[in-house]
Amino acid sequence: MTFISLLLVGGVGVAGAFGALARYSLGRFLAERVGSRFPVGTFVINITGAFLIGLLFALTGHKVISSSAQLVLATGFLGGYTTFSTMNWEGMQLARGGSTWLSLLYLAGSLLVGLLAASLGLVLGGGL
Amino acid sequence: MLSVWRRMMAVLCGGFCGAITRYLLGMLIQGYLGKAWPYDIFFINITGALVLALITVLADATFLIGPTRRLFINVGFLGAYTTFSSLALGDVLLFAQGAWFLALLYLFSSLLGGILAVWLGDWLGQWCIRHLRRAPAQTSIPLESKGAEAQSFQTTFEQDVTPS
């Protein structure tokens, strides 16, 4: 019991580390390609992460993957991949740069599109 | 410019610690407050946003935080500590259960809480820079040396660290 939970904690940590690295790499890649004031990188990362977590949740419900695998992949990898703190910081930077409406559009839009993406993942996985 | 290897390691190590902290803290909060509302993710996201703003302000002013530490704390630790995917899924599940009020509360408190947290962290950072930089300079530089006032903050800070 204790060994298994320790293993799971380690698994969440390692998966989170790779999730963070994936976010960093993809974020830099997108920032170089799509150089705009709008934080495209974090937006794409958060939306894809929300879609995948919905899919994972639905697949776990159908016993396609185990709950331990869900923990490592969702709580670990996707938790490390997506981010809330950077999103809010970027939103404030937009507002500070004078684009108050773009800032609100980014934050509220991320949340709304994120909800849609997670729902889409759930539906595709047969969870809703 | 940091080497690719150093940057990767900073993000990986930070992400490892951040994900584990979120997982354990989340279980602890759920143990106390239950699972009726996602208190754990809400608390984690708000605190993470506050600390990110604080650290970024300090790092931009090159005060206490260097480039490697910034990658480790901001991109690695706080990026993995806070999460967007669980927020989205948790909210969709609340809507799916028909708990409209709780779902909307979660959505709006995350949106407004995040903005407030970043604003507060930014303010705290500015406060730290003003007070921690100037206060030691006023007390540690003796009045006799007028030229000492022209010294950079870097040196005044170092002087203050060494016990006199």
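Computed from a predicted structure; not experimentally measured.

Quick notes on the UniProt feature "binding site: Na(+)" (unreviewed entry) in chain A
At step 1: Sites flagged by UniProt as "binding site: Na(+)" (unreviewed entry) map to Gly 79 and Thr 82 of chain A.
At step 2: Examined against the element boundaries, Gly 79 of chain A turns out to sit in helix H3 (residues 67–81).
At step 3: Once residues within four sequence positions are removed from consideration, Gly 79 of chain A is found in contact with Ala 74 of chain A together with Arg 22, Gly 79, Ala 80, Thr 82, Thr 83 and Ser 85 of chain B.
At step 4: By the element assignment, Thr 82 of chain A lies in the loop between H3 and helix H4 (85–96).
At step 5: Residue Thr 82 of chain A is classed as buried on the basis of its relative accessible area of 0%.
At step 6: The contact partners of Thr 82 of chain A, leaving out residues within four places of it in the chain, are Arg 23, Ile 45, Asn 46, Gly 49 and Ala 50 of chain A together with Gly 79, Thr 82, Thr 83, Phe 84 and Ser 85 of chain B.
At step 7: Of the polar contacts made by the side chain of Thr 82 of chain A, one reaches the side chain of Thr 83 of chain B; its length is 3.2 Å.

Brief notes about the nonpolar core
At step 1: Membership of the largest hydrophobic core comes to 51 residues, with the highest contact counts inside it found for Trp 89 of chain A together with Leu 58, Phe 84 and Leu 87 of chain B.
At step 2: Ignoring anything within four residues of it in the chain, the contact list for Leu 58 of chain B reads Phe 63, Ile 65, Gly 125, Cys 128 and Ile 129 of chain B.
At step 3: One finds Ala 20 and Tyr 24 of chain A together with Leu 12 and Leu 71 of chain B within the second-largest nonpolar core, a separate group that totals eight residues.

Considering the UniProt feature "transmembrane region" (unreviewed entry) in chain A
Residue and element names in this part refer to chain A.
At step 1: Mapped onto this structure's residue numbering, the UniProt feature "transmembrane region" (unreviewed entry) falls at residues 38–59, 71–89 and 101–124.
At step 2: In this annotation, residues 38–59 is assigned 91% helix and 0% strand; the end-to-end C-alpha distance for the span is 33 Å.
At step 3: Between the C-alpha atoms that bound residues 101–124 the distance is 33 Å, and the span itself is 100% helix and 0% strand.

Examining unusual backbone geometry
All names here are of chain A.
At step 1: Despite not being glycine, Lys 63 shows a phi value in the positive range, around 60 degrees.
At step 2: Structurally, Lys 63 is set in the loop between helix H2 (40–61) and H3.
At step 3: The exposure class assigned to Lys 63 is exposed, which follows from its relative accessible area of 73%.

Some remarks on helix H3 (residues 67–81) of chain B
At step 1: Helix length check: H3 of chain B (15 residues) gives 19 Å between terminal C-alpha atoms against 21 Å at 1.5 Å per residue, within 8%.
At step 2: Turning to H3 of chain B, its buried residues number three or more, namely Leu 71, Asn 74, Gly 76, Leu 78, Gly 79, Ala 80 and Tyr 81 of chain B.
At step 3: On its buried face, H3 of chain B sits against helix H1 (2–33), H3 and H4 of chain A together with helix H1 (4–33) and helix H2 (39–60) of chain B.

Regarding the UniProt feature "binding site: Na(+)" (unreviewed entry) in chain B
At step 1: In the numbering adopted here, UniProt assigns the feature "binding site: Na(+)" (unreviewed entry) to Gly 79 and Thr 82 of chain B.
At step 2: Position of Gly 79 of chain B among the secondary structure elements: in helix H3.
At step 3: Each residue touching Gly 79 of chain B, except ones within four places of it in the same chain, is listed here: Arg 23, Gly 79, Gly 80, Thr 82, Thr 83 and Ser 85 of chain A together with Asn 74 of chain B.
At step 4: Along the chain, Thr 82 of chain B turns up in the loop between H3 and helix H4 (85–96).
At step 5: Judged by its relative accessible area of 0%, Thr 82 of chain B is buried.
At step 6: Ignoring sequence-local partners within four residues, the contact set of Thr 82 of chain B consists of Gly 79, Thr 82, Thr 83, Phe 84 and Ser 85 of chain A together with Arg 22, Ile 44, Asn 45, Gly 48 and Ala 49 of chain B.
At step 7: At a separation of 3.3 Å, a polar atom in the side chain of Thr 82 of chain B contacts the side chain of Thr 83 of chain A.

About the criteria used
- Residues numbered from 1 in each chain as written.
- Chains lettered and ligands numbered in written order.
- Predicted model: local features only at pLDDT ≥ 70, side-chain atom pairs only at ≥ 80, totals over all residues.
- Heavy atoms only, no water.
- UniProt positions renumbered as here; feature names shortened; annotations may be inferred.
- Helix = DSSP H or I, 4+ residues; strand = E, 2+ residues; numbered from the N terminus.
- Contact = heavy atoms within 4.5 Å.
- Buried < 20%, exposed > 50% of the residue type's maximum accessible area, 1.4 Å probe, protein only.
- Polar contact = N/O pair within 3.5 Å; in protein donor to acceptor, adjacent residues only side chain to side chain.
- Core = buried A, V, L, I, M, F, W, Y, C linked by side-chain atoms within 4.5 Å.
- Expected span 1.5 Å × (residues − 1).

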